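# Breakdown of the fold
Chain residues, written in single-letter form:
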Amino acid sequence: MLRHAPAGYNAQTIQWRSVMGELVFLCPRTAREIETGINTDRGSIARTRRRTIYLDCPHCQETHSFKVSQGWIDNYARSVPALAETA
Ligand SMILES: [Zn+2]
């Protein structure tokens, strides 16, 4: 029986599933999340993990380069519904 994760749920405690979510990186200067607007899933990240992405950072106004493998999927605290099993 699955329940919705409470707000602030730690991503590391969630089992990885093939859930779509937004690819997010961490600004190395401000340690804040940079949203990419790219919807992806873990499988896509695995396939493109060595690709480099350049982002204009909204926090420090610099352009950062990230490997895809440095990002993560932001789907745990947003409105994306989990694969809840309704009995
Ligand atoms: Zn930045």
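Values in this document were obtained by computation on a predicted structure and should not be read as measured data.

## Focus on the overall build of the protein chain
- What the protein chain contains, in helices and strands, is one helix and five strands.
- Walking the protein chain from its N terminus toward its C terminus, one meets helices and strands in the order β-β-α-β-β-β.
- Buried residues in the protein chain amount to 26% of all 87 residues.
- Summed over its atoms, the accessible surface of the protein chain is roughly 6,600 Å², and 48% of this surface lies on carbon and sulfur atoms.

## What to know about the environment of R47
- Among the secondary structure elements, R47 is positioned in helix α1 (residues 42-47).
- According to the relative accessible area criterion, R47 is exposed, its value standing at 67%.

## Overview of the coordination of the zinc ion
- Bound to the zinc ion are the protein donor atoms C27 (SG), C57 (SG), C60 (SG) and H64 (NE2), situated 2.0 to 2.3 Å from the metal.
- Classification of the site at the zinc ion as tetrahedral follows from its four donor atoms and the range of 98 to 116 degrees in their angles at the metal.
- Judged by relative accessible area, which is 1%, C27 ranks as buried.
- Residue classification places H64 among the buried residues on the basis of a relative accessible area of 6%.

## Examining unusual backbone geometry
- Positive phi, normally seen in glycine, also occurs at A31, with a value near 60 degrees.
- Following the sequence through the fold, A31 ends up in the loop between β1 (21-26) and β2 (33-40).
- Backbone geometry at Q61 places phi at a positive 65 degrees, although glycine is not the residue there.
- Along the chain, Q61 falls in the loop between β3 (52-56) and β4 (63-67).

## Some thoughts on the sheet that holds β2
- Across the sheet, three strands lie side by side as β2-β1-β5; this open sheet has antiparallel pairing. Sheet topology places β2 and β5 (72-74) at the edges, where each strand pairs with a single neighbour. Sheet twist, expressed as the average angle between the axes of neighbouring strands with direction ignored, equals 45 degrees.

## As for the pairing of β4
- With burial as the criterion, only one face of β4 is covered, namely that bearing H64 and F66; the residues T63, S65 and K67 on the opposite face remain uncovered.
- Looking at chain direction, β3 and β4 are connected through five bridges and run antiparallel. Within the sheet, the bridge partner assigned to L55 lies in β4 and is H64.
- Where β3 folds back onto β4 in an antiparallel hairpin, the turn is made up of six residues, including Q61, whose phi is positive at roughly 65 degrees.

Parameters and conventions
Residues numbered from 1 in each chain as written. Predicted model: local features only at pLDDT ≥ 70, side-chain atom pairs only at ≥ 80, totals over all residues. Heavy atoms only, no water. Helix = DSSP H or I, 4+ residues; strand = E, 2+ residues; numbered from the N terminus. Buried < 20%, exposed > 50% of the residue type's maximum accessible area, 1.4 Å probe, protein only. Areas by Shrake-Rupley, 256 points an atom, 1.4 Å probe, with all protein chains shown as cover. Donors = N, O, S within 2.8 Å, 3.2 Å for Na, K, Ca; no water. Tetrahedral: all angles 85-135°; square planar, octahedral: opposite > 155°, others 65-115°. Pairing = 2+ DSSP bridges. Axes fitted to C-alpha atoms, helices over the stretch in contact; angles between N-to-C directions.

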